[in-house]
2 protein chains.
Amino acid sequence: MARTTSLSGFTEWLPQERLVELHVLDTLREVFERHGFSSVESRAVETVETLLQKGEIDKEIYGVSRLQAQDDAEARLALHFDLTVPFARYVVENAGHLAFPFRRYQIQKVWRGERPQDGRYREFTQADIDIVGDGALPFRCDVELAVVMARALESLPIGDFRLRVNNRRLSEGFYLSIGLQDTAAVLRAIDKLEKIGRERVAAELMETAGATAEQAEKALALAQIRTEDLSFVERVRALGGEHELLDAGLAELAEVIGELERRVPGRAVADLSIARGLDYYTGTVYETVLEGHESLGSICSGGRYESLASAGKRSFPGVGLSIGVTRLVSRMLTEGTVTSTRAVPSAVYVALRTDEDWGAAQDVADALRSRGVNVEVALRAEKFGKQIRHADRRGIPFVWFTDDQGLHEVKDIRSGEQVAADPRTWTPPEEDLVPRVLPAG
Amino acid sequence: MARTTSLSGFTEWLPQERLVELHVLDTLREVFERHGFSSVESRAVETVETLLQKGEIDKEIYGVSRLQAQDDAEARLALHFDLTVPFARYVVENAGHLAFPFRRYQIQKVWRGERPQDGRYREFTQADIDIVGDGALPFRCDVELAVVMARALESLPIGDFRLRVNNRRLSEGFYLSIGLQDTAAVLRAIDKLEKIGRERVAAELMETAGATAEQAEKALALAQIRTEDLSFVERVRALGGEHELLDAGLAELAEVIGELERRVPGRAVADLSIARGLDYYTGTVYETVLEGHESLGSICSGGRYESLASAGKRSFPGVGLSIGVTRLVSRMLTEGTVTSTRAVPSAVYVALRTDEDWGAAQDVADALRSRGVNVEVALRAEKFGKQIRHADRRGIPFVWFTDDQGLHEVKDIRSGEQVAADPRTWTPPEEDLVPRVLPAG
């Protein structure tokens with residue numbers, strides 16, 4: 001873990017670390033598919049024009065071009081920096097082949113040319129789920145998506161987390177109700193609350209959003225509200241303000257929080273400070289913090305957007321959530337919060353008595369493999385002690401021996417226990433069949 | 001499948017096509033892990049210097065640079081064009097943390113800036129296995145690797161295939177024995193046999209390798225030998241020629257072919273025309289053709305290299321094989337040789353009687369999910385006929401109904417059969433649990 005990588009910002013895992021990452025990816029996939037999400041992958045490159053449509057982040061983009069390009073006729077290409085922009089393009093291009101509402105998960109690497117500091121990576125894996133409608137998408141998708149993601153996170157050995165949920169319509173309705181018209185400017189200021197504090201946000205509200213001291217105070221009072229149950233509704237009402245957007249947003253947020261409380265108790269909180277920087281969110285917005293690791297920032301964020309993409313008159317509203325997998329796995333590894341029962345897939349190492357036994361040893365291995373056991377065979381007939389040490393160093397729990405009479409024994413090298421065994425029937429205990437990733441004791 | 005993609009050379013699958021690709025990737029992973037191979041992923045980018053070390057292919061490389069880079073101080077980066085070069089770097093960088101012999105599989109995208117024609121892709125997925133030693137690596141790894149890959153390919157619904165195996169030492173020993181010293185030039189000419197034919201290869205042998213007509217004839221006679229059993233040994237001997245390299249190569253190739261014949265009957269052939277263009281192979285070389293799809297070229301290639309990488313005096317010999325997954329999946333899809341039992345993960349679609357039933361419907365879904373069934377719930381209480389059509393269009397086999405008395409029924413929409421069911425106990429038949437990818441009838 002203290003290894004330095006040869007390219008800063010580009011992480012590579014050792015095989016035993018990769019097992020932890022694989023466990024995370026497999027678990028996410030299982031939960032997503034259990035809830036009916038289909039896998040999609042998009043190409044790694046987009047045209048620069050596609051990537052710049054959402055604006056603001058051009059300096060983070062990695063351009064891609066053939067080293068020996070002969071002409072400039074080719075489209076300017078770049079690596080995608082998230083999975084939302086490529087998915088939007090994919091939906092428009094393939095709309096005629098997709099059944100809406102379309103629910104997909106997408107687990108892929110993304111690239112950002114940022115300064116590699118503060119746990120930021122230049123290459124990292126995201127895991128996204130989105131539900132996208134054709135023209136319209138029922139609000140309950142916002143509820144369902146949060147439930148699915150909370151269950152996915154619950155299935156990972158990451159400890160306690162909290163989904164912080166807010167609703168843009170609630171915030172904007174409230175701002176309008178107290179006379180603040182430039183709601184985008186208010187949201188941008190409120191978004192900085194955790195970073196720069198109340199006082200400077202108040203100053204910014206007055207400077208950039210045209211707020212009076214009193215209006216700034218009220219906007220900050222709203223952002224102060226954070227409840228695990230539905231009591232946030234009363235507290236918002238107590239601040240006064242009447243607006244139909246506010247009512248609509250309150251009702252939606254109450255439905256999300258109520259349903260999360262019912263289906264994944266203790267995982268969600270209504271947090272009215274959550275603003276999300278990005279302009280395209282229009283309703284529910286989500287962030288997620290690991291309890292005790294707040295400094296990591298949000299490990300899973302997203303929201304509702306009324307138009308993920310559009311093609312002519314056709315518009316595709318959606319709601320999505322995205323996990324930053326690499327940051328999560330990196331924290332699990334550096335903090336030692338997880339442990340893998342072993343470092344390699346193999347459960348059994350078949351030792352060699354003589355070099356000529358290799359074929360027979362492969363027969364033993366094949367008999368075990370046919371029942372789903374991961375097995376490897378020694379490559380050389382070294383002393384048994386040396387072969388055992390090799391298996392031990394690699395973390396393989398069982399070593400198999402066959403004597404010159406063809407009698408078989410298998411040794412659990414953790415306990416030292418060695419017993420007679422038949423390759424046609426023996427299997428390791430269930431918990432030793434494959435490496436398992438567990439929360440550290 | 002007849003869709004045109006918006007960037008030529010960059011393929012994207014529809015969700016139902018992605019299921020086929022996932023099936024291929026899952027199957028490969030399972031077979032590789034069953035034989036003790038660990039997963040490794042390397043970063044997508046390398047320094048240009050690393051990529052150019054193996055020479056010759058610079059024009060195919062995609063360079064990568066930040067669009068807004070402020071200075072030229074950063075290393076010149078590029079996307080990897082295969083998984084061998086990155087793996088070699090990974091081994092050297094992490095040698096202190098790896099246990100040798102190290103067996104890894106690596107399944108990732110690679111990029112090549114070639115003209116996208118003739119089934120060539122600019123982005124495609126490779127699946128590689130390699131065994132790498134520290135200083136030395138027993139020859140039997142060459143045997144084992146071919147067995148593992150043949151089993152992996154056997155597990156895929158791709159029809160009949162043939163591993164064509166040769167040995168560089170055999171060829172080079174033979175050329176030396178008949179007086180041809182520039183064995184590299186001979187191999188380069190022989191490598192073109194399938195493309196340009198005997199006559200032009202003979203001419204090239206005389207031009208570039210200094211061969212007489214008789215020597216060219218003999219080199220071509222060797223390349224003509226192709227046997228499914230060990231009879232190639234006799235046929236090589238019948239050509240005359242004595243050289244210790246030839247003897248060593250013959251013995252190795254006989255061991256590979258004999259063991260393949262024993263463990264994966266009918267899958268291998270000794271094919272003495274296989275040369276492999278790349279310079280770094282030093283012993284066994286492999287190619288693989290799909291029977292009846294020879295025009296596809298080799299779908300899985302590789303070989304033994306005495307030095308995958310080196311660090312100072314330390315050298316890492318290895319043997320590797322690489323499947324071109326995208327080309328394979330593309331062929332499966334365009335030829336219709338496989339079929340998926342359905343297009344989405346969901347086995348059950350829970351219909352809604354009224355919009356207010358959504359919570360209860362999610363409870364039904366959760367009961368089923370708790371037993372490993374993939375379920376989604378309707379988003380709107382439309383007419384049952386419409387909900388059934390929606391499930392049908394998506395290929396979901398079962399639709400679940402709950403009446404106003406709370407009584408449950410489940411309908412198999414393929415047969416129309418509808419029966420009473422309990423969400424706490426009902427499960428779909430084993431064959432309907434998850435989508436399955438099968439050879440087309």
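Residues numbered from 1 in each chain as written. Chains lettered and ligands numbered in written order. Predicted model: local features only at pLDDT ≥ 70, side-chain atom pairs only at ≥ 80, totals over all residues. Heavy atoms only, no water.

Among soluble globular proteins, nonpolar side chains are generally buried collectively. The biggest cluster of nonpolar side chains holds 109 residues, and the ones touching the most others in it are Val348(A), Phe32(B), Leu153(B), Leu205(B) and Phe232(B). In terms of residue count, the dominant contributor to this core is helix H4 (residues 140-154) of chain B (ten residues). Apart from the residues lying within four places of it in its own chain, the contact partners of Leu205(B) are Val186(B), Ala189(B), Ile190(B), Gly210(B), Ala211(B), Ala216(B), Ala219(B) and Leu220(B). With 108 residues, the next largest nonpolar core counts Leu145(A), Phe232(A), Val236(A) and Ala378(B) among its residues. (Core = buried A, V, L, I, M, F, W, Y, C linked by side-chain atoms within 4.5 Å. Buried < 20%, exposed > 50% of the residue type's maximum accessible area, 1.4 Å probe, protein only. Helix = DSSP H or I, 4+ residues; strand = E, 2+ residues; numbered from the N terminus. Contact = heavy atoms within 4.5 Å.)

Moving on, we get to the interface of chain B and chain A. With 94 residues of chain B at the interface, the matching set in chain A holds 93 residues. Carbon and sulfur atoms supply 50% of the area that chain B and chain A bury against each other, a total of about 8200 Å² over both sides. Viewed at the interface, chain A and chain B are joined by 20 salt bridges. Summed over the shared surface of chain B and chain A, the number is 46 residue pairs in polar contact (both at pLDDT 80 or more). Taken together, the residues of the side of chain B that touches chain A sort by class into 38 nonpolar, 20 polar and 36 charged. (Buried area = accessible area lost by both parts, 1.4 Å probe. Salt bridge = Lys/Arg side-chain N within 4 Å of Asp/Glu carboxyl O. Polar contact = N/O pair within 3.5 Å; in protein donor to acceptor, adjacent residues only side chain to side chain. Nonpolar A, V, L, I, M, F, W, Y, C, P; charged D, E, K, R; others polar.)

Turning our attention to the relation of the copies chain B and chain A. With an RMSD of 0.1 Å, the operation that places chain B on chain A is a rotation of 180° combined with a shift of 0.0 Å along the axis. Taken together, the rotation and translation describe the operation of a two-fold axis. Looking at the rotation axis and the C-alpha trace of chain B, the residue lying nearest is Val64(B), at 2.4 Å. Comparing interface residues between copies, 99% of those in chain B also sit at the interface in chain A, which points to an isologous, same-surface contact. (Least-squares fit on C-alpha atoms with pLDDT ≥ 70 in both.)

It is worth spelling out the UniProt feature "binding site: L-histidine" (unreviewed entry) in chain A at this point. Residues and elements named next belong to chain A. Taken from the UniProt record, the annotation "binding site: L-histidine" (unreviewed entry) applies to Asp82, Leu83, Thr84, Arg112, Gln126, Asp130, Arg276, Tyr280 and Tyr281. The topology assignment puts glutamine 126 in strand S6 (residues 123-132). When its relative accessible area of 9% is taken as the criterion, glutamine 126 is described as buried. Setting aside chain neighbours within four positions, we find glutamine 126 in contact with Asp82, Leu83, Gln106, Ile107, Gln108, Val110, Arg112, Ser322, Ile323 and Val325. Structurally, the position occupied by tyrosine 281 is in the loop between strand S9 (268-271) and strand S10 (284-290). Non-local contacts of tyrosine 281, meaning those with residues more than four positions away in its chain, are made with Arg168, Arg276, Gly302, Gly303, Arg304 and Tyr305. (UniProt positions renumbered as here; feature names shortened; annotations may be inferred.)

Below, the discussion takes up the packing of aromatic side chains. Each aromatic ring pair is described using two quantities: the centre-to-centre distance and the angle formed by the ring planes. Overall, the coordinates contain 17 aromatic pairs over all chains when judged by the stated rule. Note on Tyr280(B) and Tyr281(B): the rings are 5.1 Å apart at their centroids and 50° apart in plane angle, and the pair reads as tilted. On the basis of relative accessibility, which here comes to 22%, the residue Tyr280(B) falls in the partly exposed class. Cluster of aromatic residues (ring-pair linked, three or more members): Tyr280(A), Tyr281(A) and Tyr305(A). For Arg103(B), the ring lying beneath its charged end belongs to Phe37(B), and the centroid distance is 5.3 Å. (Phe/Tyr/Trp six-rings, centres within 6.5 Å; stacked < 30°, edge-to-face > 60°. Lys NZ or Arg CZ within 6 Å of the ring centre and 35° of its normal.)

All names here are of chain A. Contact pair helix H5 (residues 168-177) / helix H6 (residues 183-190): the axes reach a minimum separation of 10 Å and the direction vectors enclose 115°. When the interaxial angle is binned, H5 and H6 end up roughly perpendicular. Note on packing geometry: the crossing formed by H5 with H6 is right-handed. Counting all contacts with H5, which are made through Arg168, Ser171, Glu172, Tyr175 and Leu176, the residues of H6 involved are Thr183, Val186, Leu187 and Ile190. (Axes fitted to C-alpha atoms, helices over the stretch in contact; angles between N-to-C directions. Parallel < 35°, antiparallel > 145°, perpendicular 65-115°, else oblique. Left-handed = near helix turned anticlockwise from the far one by under 90°.)

Residue and element names in this part refer to chain B. Taken together, nine strands build an open sheet; the order of strands is S1-S5-S6-S12-S11-S10-S7-S9-S8 and the sheet is mixed. Strand pairing shows two members of the sheet lacking a second neighbour, strand S1 (38-39) and strand S8 (226-227), which therefore form its edges. Of the pairings in the sheet, the one linking strand S5 (residues 102-111) to strand S6 (residues 123-132) comprises ten bridges and is antiparallel in character. Considered in S6, the bridge of tryptophan 111 is made with glutamate 123. Contacts between helix H11 (residues 325-334) and the sheet are confined to S6, strand S10 (284-290) and strand S12 (314-324), with S12 contributing the most and set at about 15° to the helix. (Pairing = 2+ DSSP bridges.)

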